[in-house]
Amino acid sequence: MKYVLIVCLLWGFGFGQSSHRDLTTELLKDLHKAIADSTSLSRDSLHISFIDESTLGTFLNSCLPKTQSQTEMDQVGITTKDITLSINHTPTKSVRNSRYLRQLELNVLFVHEQTEYVWKGKISDNLSKAQLKSLLDEEIPFKVHGDYSSGEPTGFLIVLTTLGVFSLGAALFFIRT
C-alpha cells in the first residue's frame, strides 16, 4: 500500500505543472462559454475561430476547445485586441521557496448578426521557481511581462561568490598540507 501511495504522489508531481498553452486553453474555454451565453447559441453547435492571420491567431486557434463536427454549425469569428501574460513575484517569508503569480489576460472582439461584443477575460495560477524556469523556455507568440527576474542575483554576484568559494577551498587545502 505504501508503494502505491508513493507512485501516485510521484505521478501527480509530474503532471502538476501546466504550460502556457494549457493556461490559454482554459481561458479560451471561458471565452467559448461567454460567446454561447452572449449570442444565445447552443455550445454544441457553436464553432469559434480567430480570424487573425498571424502566428498569434494560429496559436490561439490551436488552443481552442475541439467541437464535434456537425453539418450545421454557427460560425463566429473573433479578432484579438490584446493578450498579456504577466508573471510577478509574490512576497513570501522565505527566499528559497519563492512563489510567482502567472496571469493571462485576453481582450477580444467578436461579431454575431451585426452586433459587436467585447470580451475581456483573465485567468491566473501560482508557480514555484522550478516551474517558472521550465516554463520560460516554452515558445509562445506573445511577450511575458512582470518582475519574475527581480529576485535573481546578478551575474557579477554569482561569479564573485563562486570565486570566493574556490579561494576558501584552496586556502583550506593549503592549510591542511
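This text follows the structure it describes.
Every chain's residues receive numbers from 1 upward, in the order its sequence appears when written. For this predicted model, a pLDDT threshold of at least 70 governs which residues receive local features, and a threshold of 80 or more governs which side-chain atom pairs are given and counted, while totals over whole chains, interfaces and linings are taken from all residues. Hydrogens and water are ignored here; the side-chain numbers use all heavy atoms of the structure.

1. Some words on the pairing of strand β1 (residues 46-50)
Argument step 1. Each residue gets one of three labels from its accessible area relative to the maximum for its type: buried under 20%, exposed over 50%, partly exposed in between, using a 1.4 Å probe on protein chains only. Under the DSSP-based scheme used, a helix requires at least four consecutive residues in state H or I and a strand at least two consecutive residues in state E, with every element numbered from the N terminus. Within β1, four of the five residues are buried, which leaves it mostly tucked inside the rest of the structure.
Argument step 2. In this analysis, strands are considered paired if DSSP registers two or more bridges between them. When β1 meets strand β2 (residues 74-90), the two strands line up parallel, connected through five bridges. By the bridge assignment, F50 is partnered in β2 with I78.

2. Some details on the pattern of salt bridges
Argument step 1. Should a side-chain nitrogen of Lys or Arg be within 4 Å of a carboxyl oxygen of Asp or Glu, the pair is scored as a salt bridge. This structure, assessed with the given rule, holds four salt bridges.
Argument step 2. Taking the shortest distance from any N to any O, the salt bridge between E26 and K29 comes out at 3.4 Å. Residue E26 and its partner K29 are both found in helix α2 (residues 20-39); the two are separated by three residues, about one turn of the helix.
Argument step 3. Overall, K29 belongs to the partly exposed group, its relative accessible area being 35%.

3. Side note on the packing of α2 against helix α3 (residues 55-63)
Argument step 1. Running from amino to carboxyl end, α2 crosses α3 at an angle of 75°, the nearest separation of the two axes being 9 Å. The orientation of α2 relative to α3 falls into the category roughly perpendicular. On the side of α2, the interface is formed by R21, T24, T25 and L28, while α3 contributes F59, L60, S62 and C63.
Argument step 2. Lys, Arg, Asp and Glu make up the charged group, whereas Ala, Val, Leu, Ile, Met, Phe, Trp, Tyr, Cys and Pro make up the nonpolar group; the residues left over, Gly among them, are polar. When grouped by side-chain class, the residues that make up the contact of α2 with α3 number four nonpolar, three polar and one charged. As a rule, the C-alpha atoms of each element are fitted with a line to give its axis, helices using only the stretch in contact, and angles between N-to-C directions run from 0 to 180 degrees. Should an angle lie under 35 degrees it is considered roughly parallel, over 145 roughly antiparallel, and from 65 to 115 roughly perpendicular; all remaining angles are considered oblique. We call two residues in contact when some of their heavy atoms are within 4.5 Å.

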